[in-house]
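# Fold and geometry: a report
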Amino acid sequence: MSDWRIALSALNYGPEEEAAVLRVLRSGWISMGPEVQGFEQEIAALQGARHAFAVANGTGALHLALAALRLGPGDEVIQPALNFVAAANMTAALGAKPVFADVVGVEEPTIDPARIKALITPRTRAVVVMHYGGYLCRMADIRSLCRKHKLFLIEDACHAIGAADGDGVMAGSIGDIGVFSFFSNKNLATGEGGMVVTGRDELAERVKLLRSHGMTSLSWDRQKGHARGYEVELNGFNYRLDDLHAALGREQLKKLADGNRRRAELTDRYRRHLGQSPEWIVPFASGATPSAYHLMPMVARDGNTRRQAVEALTEARIQSSFHYPSVTGFAAFADHRSEDVPHSAEFADRVITLPLHPRLSDDDVDFVCSTLSKATSNLAPT
Ligand SMILES: *Cc1c(COP(=O)(O)O)cnc(C)c1O
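Residues numbered from 1 in each chain as written. Predicted model: local features only at pLDDT ≥ 70, side-chain atom pairs only at ≥ 80, totals over all residues. Heavy atoms only, no water.

Looking only at helices and strands, the chain has 12 helices and 12 strands in total. For the chain, the C-alpha radius of gyration of 21 Å lies close to 21 Å, the compact-globule estimate for 382 residues. Viewed in the frame of its principal axes, the chain has a C-alpha envelope of about 75 × 55 × 40 Å. Taking all 382 residues of the chain together, 55% fall into the buried category. Nonlocal contacts in the chain, meaning residues at least 24 apart in sequence, comprise 73% of its contacts between residues at least 6 apart. Per element, the accessible surface of the chain, about 16,600 Å² overall, is 49% carbon and sulfur. Here the chain contributes 41 positive and 45 negative side-chain charges, whose respective centroids are spaced 3 Å apart. (Helix = DSSP H or I, 4+ residues; strand = E, 2+ residues; numbered from the N terminus. Rg over C-alpha atoms; globule rule 2.2 N^0.38 Å. Buried < 20%, exposed > 50% of the residue type's maximum accessible area, 1.4 Å probe, protein only. Contact = heavy atoms within 4.5 Å. Areas by Shrake-Rupley, 256 points an atom, 1.4 Å probe, with all protein chains shown as cover. Lys, Arg positive; Asp, Glu negative; His and termini not counted. Charge placed at Lys NZ, Arg CZ, Asp CG, Glu CD.)

So, in structure tokens, the structure goes:
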């Protein structure tokens, strides 16, 4: 696939996934059908959620969640500046205004409840949180804030599938509605795919309709003789998932707990190597924040250290990345800038994300860390 010696992420696929796809191909039904239904039931069970809806991708899941809440022109949606751009794009797509809040700090790059509170106006309708790297946001504070101000709470849990809070409530099921992505680099990967979960019946009803043209029956129901005609109750989309992807998802779900456990071990190993180094700040270093360990972020002491580190890694054919540039810096959001987000900007300037996936070996982590140490020990002290 690539000539990286150590890739940032890798599929955790085997003969099980191949057999699952074959099973669907041979069944004669490849669009939304029994595999999707099974996948939804299994995700709902994992989440302890009343409803789960499989969708085409995580961005579509966000679109449906926001649309289910009837967000539109005149509404403000507070969300982290440090995020993948999907939540902000989908907010804008509905004509609502994304309002960007800063994160707690470079050591805790998740949305700051104090900044959410400061940004609430009479037009605020909802808050989107994103569990960066799989690490849970300060949900107890954010939940009570949302309850007090009657705001909907949406969880972008695309990094956090399998993580649970201190009470055992799963990421994605702490707020009113949660979304997941199954893009190929996520902890559960189907190529493209996503899920919306909610415990609220009225939101579930809207998500279900909006997912498929606002129509009251699916072609699978009609094929089975469960339904003949249909009504179009509202103006919906087509964000359906198909049975091929759902079958992959069901196999991946069986591997999720072990995969996340291995990710936790590897994270621990990185921290033992780099945690004492003056060149690096390790986010969530206390180990107290529940996580699905999707990303391995390290924050360099300064921009120069990061530059040296990236060069050395690339030289050694170790893939790394930056998650994420602040959304506020993108041209498409130039009109939406609401306040300075210094911690998000600082994090974006200094973060580097290192290889992390269940197939990584201990030796791989040791090699990444020794490459980093060598690179930064050449730096003159500042
Ligand atoms: C991956 C991701 C998305 C988008 O999911 P897609 O399936 O690629 O559309 C949204 N938000 C976050 C935080 C993500 O990591």
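On to helix H7 (residues 201-211), then. Every buried residue of H7 is accounted for by Leu203, Ala204, Arg206, Val207, Leu209, Leu210 and Arg211. If you follow the buried residues of H7, they end up packed against helix H2 (34-47), strand E1 (51-55), helix H3 (58-68), strand E8 (177-181) and strand E9 (194-198).

Attention now goes to the side chain of Thr190. Positionally, Thr190 belongs in the loop between E8 and E9. Aside from chain neighbours lying at most four places away, what touches Thr190 is Tyr13, Phe182, His245, Leu248 and Gly249.

One open sheet accounts for three strands, arranged E10-E11-E12; its pairing is antiparallel. Where the open sheet ends on each side, the last strands, each with one partner, are strand E10 (280-281) and strand E12 (351-354). The pairing of strand E11 (residues 296-300) with E12 spans four bridges and is classified as antiparallel. Opposite Pro297, over in E12, you have Thr353 as the bridge partner. (Pairing = 2+ DSSP bridges.)

All right, on to helix H11 (residues 342-350) then. Listing the buried residues of H11 in full gives Ser344, Phe347, Ala348 and Arg350. Turning to H11, the residues buried within the fold contact strand E4 (103-105), strand E5 (108-111), E10, E11, helix H10 (303-315) and E12.

Within the element layout of this structure, Gly236 appears in the loop between helix H8 (219-223) and helix H9 (243-274). For Gly236, a relative accessible area of 30% puts it in the partly exposed group. Note: C-alpha distance between Gly236 and Thr124 (112 residues apart in sequence) is 24 Å. Here Gly236 is in contact with Leu210, His213 and Gly214, once residues within four sequence places are set aside.

Let us look at the site of the ligand. Within the structure, the ligand sits among 14 residues, and Gly58, Thr59, Asp156, Ser181 and Lys186 are positioned closest to it. At 2.7 Å from an oxygen atom of the ligand is found a main-chain nitrogen or oxygen belonging to Gly58. Take His159: an N or O atom from its side chain is 2.9 Å from an oxygen atom of the ligand. For the ligand, the protein covers 92% of the area, taking 380 Å² as the surface of the free molecule. Using a 2 Å cut-off from the grid points, one finds that the ligand occupies the second largest pocket. Residues of the shell around the ligand, tallied by class, amount to five nonpolar, seven polar and two charged. (Near = heavy atom within 4 Å. Polar contact = N/O pair within 3.5 Å; in protein donor to acceptor, adjacent residues only side chain to side chain. 1 Å grid on protein atoms, 1.4 Å probe; cavity = no way out; pocket = protein on both sides within 12 Å on 5 of 7 lines; lining within 4 Å. Sits in = over half its atoms within 2 Å of the grid points. Nonpolar A, V, L, I, M, F, W, Y, C, P; charged D, E, K, R; others polar.)

A few words now on the environment of Ser219. Within the secondary structure, Ser219 sits in helix H8. Residue Ser219 is classed as partly exposed on the basis of its relative accessible area of 38%. On a C-alpha basis, the gap between Ser219 and Gly303 in space is 54 Å, while along the polypeptide they are 84 residues apart.

Bringing the packing of H2 against H9 into the picture now. Taken N-terminus to C-terminus, the directions of H2 and H9 make an angle of 30 degrees; their axes are 7 Å apart at the nearest point. As judged from the angle between their axes, H2 and H9 are roughly parallel. For the pair H2 and H9, the crossing hand works out as left-handed. Along its contact with H2, which presents Pro34, Glu35, Val36, Gly38, Phe39, Glu42, Ile43 and Leu46, the element H9 presents Asp243, Ala246, Ala247, Gly249, Arg250, Leu253 and Leu256. Residues of the contact of H2 with H9, tallied by class, amount to nine nonpolar, two polar and four charged. (Axes fitted to C-alpha atoms, helices over the stretch in contact; angles between N-to-C directions. Parallel < 35°, antiparallel > 145°, perpendicular 65-115°, else oblique. Left-handed = near helix turned anticlockwise from the far one by under 90°.)

We now examine the layout of surface pockets. Computed from the structure, the largest pocket encloses a volume of approximately 480 Å³. Forming the walls of the largest pocket are 22 residues, and the residues nearest its centre are Glu40, Phe53, Lys208, Arg211 and Leu218. Mapped onto the lining of the largest pocket, the elements with two or more residues apiece are H2, E1, H7 and H8. A per-element tally of the lining of the largest pocket places H2 first, with five residues. Of the residues belonging to the lining of the largest pocket, the class tally is nine nonpolar, seven polar and six charged. Lining the second largest pocket are 19 residues; nearest its centre among them are Phe84, Ser181, Phe183, Lys186 and Tyr324. The greatest single-element share of the lining of the second largest pocket, amounting to three residues, is contributed by H3. Within the lining of the second largest pocket, the residues separate by chemical class into seven nonpolar, nine polar and three charged. (Points joined across faces, edges and corners; volume = space filled by probe spheres on them.)

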